[in-house]
Amino acid sequence: MSLMLSAVRIRNFRSLLSADFSCTSSSESVLIGANNAGKTAFLSAIRAVFDSRFPVSSEDIYRASGDRLSDVGV
């Protein structure tokens, strides 16, 4: 079984306040970025959607300095 994502939108997950990805071709995509840019967080967010065994906790919710969980709409 193969799966192809054409668009991904991530909000308030780990280091990602907001991330959008779209791909219009059927070719493979490569995720490139500097260290601590959020590549692993991006892939973990996708995994959390498709793998019910992947743990997600309140620590995974993005919060700006001083924000409470109730401030980010959880």
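Every value quoted in this text rests on a predicted model; they were computed, and no experiment measured them.

What counts, and where the lines are drawn
Residues numbered from 1 in each chain as written. Predicted model: local features only at pLDDT ≥ 70, side-chain atom pairs only at ≥ 80, totals over all residues. Heavy atoms only, no water. Helix = DSSP H or I, 4+ residues; strand = E, 2+ residues; numbered from the N terminus. Contact = heavy atoms within 4.5 Å. Areas by Shrake-Rupley, 256 points an atom, 1.4 Å probe, with all protein chains shown as cover. Pairing = 2+ DSSP bridges. Salt bridge = Lys/Arg side-chain N within 4 Å of Asp/Glu carboxyl O. Buried < 20%, exposed > 50% of the residue type's maximum accessible area, 1.4 Å probe, protein only. Patch = residues over 30% accessible without salt bridge, like charges linked within 9 Å, V, L, I, M, F, W, Y side chains within 5 Å.

1. Examining the overall build of the protein chain
Piece 1. Looking only at helices and strands, one finds one helix and two strands in the protein chain.
Piece 2. Intrachain contacts of the protein chain at a sequence separation of at least 6 include 40% that bridge at least 24 residues.
Piece 3. Total accessible area on the protein chain is roughly 5,900 Å²; 51% of this is exposed by carbon and sulfur atoms.

2. Here's the deal with unusual backbone geometry
Piece 1. Its identity as a non-glycine residue notwithstanding, Asn-12 has a phi of 55°, on the positive side.
Piece 2. Here Asn-12 shows up in strand 1 (residues 7-13).
Piece 3. Unusually for a residue other than glycine, Arg-14 sits at a positive phi of about 50°.
Piece 4. Its location among the elements puts Arg-14 in the loop between strand 1 and strand 2 (16-22).

3. Re the pairing of strand 2
Piece 1. Taken together, the six bridges between strand 1 and strand 2 define a ladder with antiparallel strand orientation. Following the sheet pairing, Arg-11 is matched in strand 2 by Ser-18.
Piece 2. Counted between consecutive antiparallel strands, the loop separating strand 1 from strand 2 contains two residues, among which Arg-14 sits at a positive phi close to 50°.

4. Considering the pattern of salt bridges
Piece 1. The final tally for this structure, using the stated rule, is five salt bridges.
Piece 2. Across the pair Asp-20 and Arg-9 runs a salt bridge, and its minimum N-O distance is 2.9 Å. In this pair, Asp-20 is assigned in strand 2 and Arg-9 in strand 1, connecting sequence segments 11 residues apart.
Piece 3. The partner of Asp-20 in a salt bridge is Arg-11, and the shortest N-O contact between them spans 3.2 Å.
Piece 4. Looking at Arg-11, the relative accessible area reads 38%, which means it is partly exposed.
Piece 5. Three or more residues are tied together by salt bridges with common partners; here these are Arg-9, Arg-11 and Asp-20.

5. Looking at a nonpolar patch on the surface
Piece 1. On the surface, a nonpolar cluster with roughly 420 Å² of combined accessible area is contributed by Leu-3, Leu-5, Val-49 and Phe-50.
Piece 2. For Leu-3, a relative accessible area of 60% puts it in the exposed group.

Function-wise, these values are silent; they only describe arrangement.
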